[in-house]
Amino acid sequence: MKKVLYRHLFSKALGLSLLFSPISFYAQEEAAAPTEEVAADAGADTGGDAAKGKQLFNQNCAACHALDRKMTGPALANVETRLADDAGLDREWLYAWIKNSPGVIASGDAYANKIYAEYNQAAMTPFPTLSNQDIDDILAYTAAPPSTPAKATTPSGGGDGDQPSSGGISNELILGALALVFGLLVVMLVLVNKTLRRIAEANGIVLEQEKQKRLPLWKAFVKNQFLVLVSVIFLLLASAYFAYGWMMQVGVDQGYAPVQPIHFSHKIHAGDNKIECKYCHSSARVSKTSGIPSLNVCMNCHKSIYQYAGNPEGPSADDIANGYTNDFYTGEIKKLYKAVGWDEENQKYTGEGRPVEWVRIHNLPDFAYFNHSQHVSVAGIECQTCHGPVEEMEIVEQFSPLTMGWCINCHRETNVKVEGNAYYEAIHEELSKKYGVDKLTAAMMGGLECGKCHY
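If you're wondering where the values come from, they're calculated on a predicted model, not measured in any experiment.

Rules and cut-offs
- Residues numbered from 1 in each chain as written.
- Predicted model: local features only at pLDDT ≥ 70, side-chain atom pairs only at ≥ 80, totals over all residues.
- Heavy atoms only, no water.
- Helix = DSSP H or I, 4+ residues; strand = E, 2+ residues; numbered from the N terminus.
- Contact = heavy atoms within 4.5 Å.
- Axes fitted to C-alpha atoms, helices over the stretch in contact; angles between N-to-C directions.
- Parallel < 35°, antiparallel > 145°, perpendicular 65-115°, else oblique.
- Left-handed = near helix turned anticlockwise from the far one by under 90°.
- Core = buried A, V, L, I, M, F, W, Y, C linked by side-chain atoms within 4.5 Å.
- Buried < 20%, exposed > 50% of the residue type's maximum accessible area, 1.4 Å probe, protein only.
- Polar contact = N/O pair within 3.5 Å; in protein donor to acceptor, adjacent residues only side chain to side chain.
- Expected span 1.5 Å × (residues − 1).

What to know about the overall build of the chain
The number of helices and strands found in the chain is 21 helices and two strands. Intrachain contacts of the chain at a sequence separation of at least 6 include 75% that bridge at least 24 residues.

Rendered as structure tokens:
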């Protein structure tokens, strides 16, 4: 994630009390990363390679630390310099602390115990496998000043796709020329017609103009009783057809995509970050409903991911057109913090949370029974079968109609997975004899019985 400005004194930040957790958060990799030139200079000053240090930092430290803001542990920008200035400690102390922080605390070191107490006695994970050179590389990375992130360019009317090439002719010009030619042809035809009439009159030619008295069309229609009868029957059938079609859509909310109080992009979470559906909707494995994830599930990640950096090349033209900028997504993360009662400044919960009033999207009638665990755990059906490509949806919508006919067709067409299940293997053997087939569908196993879904 992209980092915000450093806001804390090093006396509260250093300590390395919770430095280097083994979990890596690559979402923060773009944050305050030094350029190659600056990294090389920093590495020369500290005896380490900032490029390697960045990789080690992401692998070991990023879960608890950022360079320029307090997280679970203190900020680590210029950690060595600040440690020397504030506490008079050198790199050897850092070696000992990183490799065995509990041992440094137990030895009675004043600064170590101060930091240990400041961070609620949460000792950091020791990293005895890190060599001194590894630590030098990490310190080189923390000492390198952050590079200035490139601003996303907003597409304007001067884009390549919006303007024709200098040597081409625009479509508007071609259409305008064709319209002008058509108008000239019409005018010419009118003038030719008038000219021919004048010539005929000058030569004494009389134009025949038939003026036969005809009945109005509606009177002719009324007098034809057969035509009236056929028209009435057609109108009645058409009205019944459209009325039936309209009534069959009552309660069908296919395409329904409500606006949620906190914008959650499945495209980013399930698509870009490849988060498995059942990580958040864990109830789908064992329960009737898939469940709405509690906010603590969100905070598992967003306790550390506090700002959205997006793609390195910046938001796309479509994202900008819809307002989906990096600042927009970061603002939604702040809404999450407010709802859960998270004090970002002090990295702790305030106890002043509030519930989020999520808007339900999929809603079956009360008289229809559906069990997620039966379909997900037993049948092994993928979430996308019913919910569509949610990994591509910025705003989730109801993909399927969820009508009875739709469910019945699925039961008729879906083969039951009997491999590795002794219960289904026994049923398969008996039903195979009955139906004379090698594959069994849900319908063959009673999936069309009314009592399966209505009782």
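After presenting the structure, the write-up continues.
Some points on the packing of helix α14 (residues 295-302) against helix α16 (residues 326-340)
Where α14 contacts α16, the axes come no closer than 11 Å and their chain directions differ by 125 degrees. Between α14 and α16, the crossing angle belongs to the class labelled oblique. Between α14 and α16 the crossing geometry is left-handed. Between α14, through L295, C298, M299 and H302, and α16, the contact on the second element is made entirely by I333, L336, Y337, A339 and V340.

What to know about the nonpolar core
Of all hydrophobic cores here, the largest spans 28 residues; its most connected members are F57, W93 and W97. At the level of elements, α3 (50-60), α4 (79-87), α5 (91-99), α6 (101-106), α7 (110-118) and α8 (132-143) are the ones that each hand at least two residues to this core. Of all the elements, α5 adds the most residues to this core, at five residues. By size, the runner-up hydrophobic cluster in this structure holds 13 residues, among which are I333, L336, A339 and V340.

Section: α3
For α3, every residue scored as buried is listed here: A50, G53, L56, F57, N58 and N60. Backbone nitrogen of A51 and a side-chain oxygen of the N-cap are separated by 2.9 Å at the start of α3; the cap is D49.

Examining unusual backbone geometry
Despite not being glycine, K274 shows a phi value in the positive range, around 55 degrees. Residue placement: K274 occurs in the loop between α12 (266-272) and α13 (277-280). Positive phi outside glycine occurs at Q347, with the angle close to 55 degrees. As for its position among the elements, Q347 is in the loop between β1 (342-343) and β2 (348-349).

Describing helix α9 (residues 171-202)
With 32 residues, α9 should cover 46 Å at 1.5 Å per step; its first-to-last C-alpha distance of 47 Å lies within 8% of that length. Note on α9: the residue one or two positions beyond its end, G204, has a positive phi of about 75 degrees.

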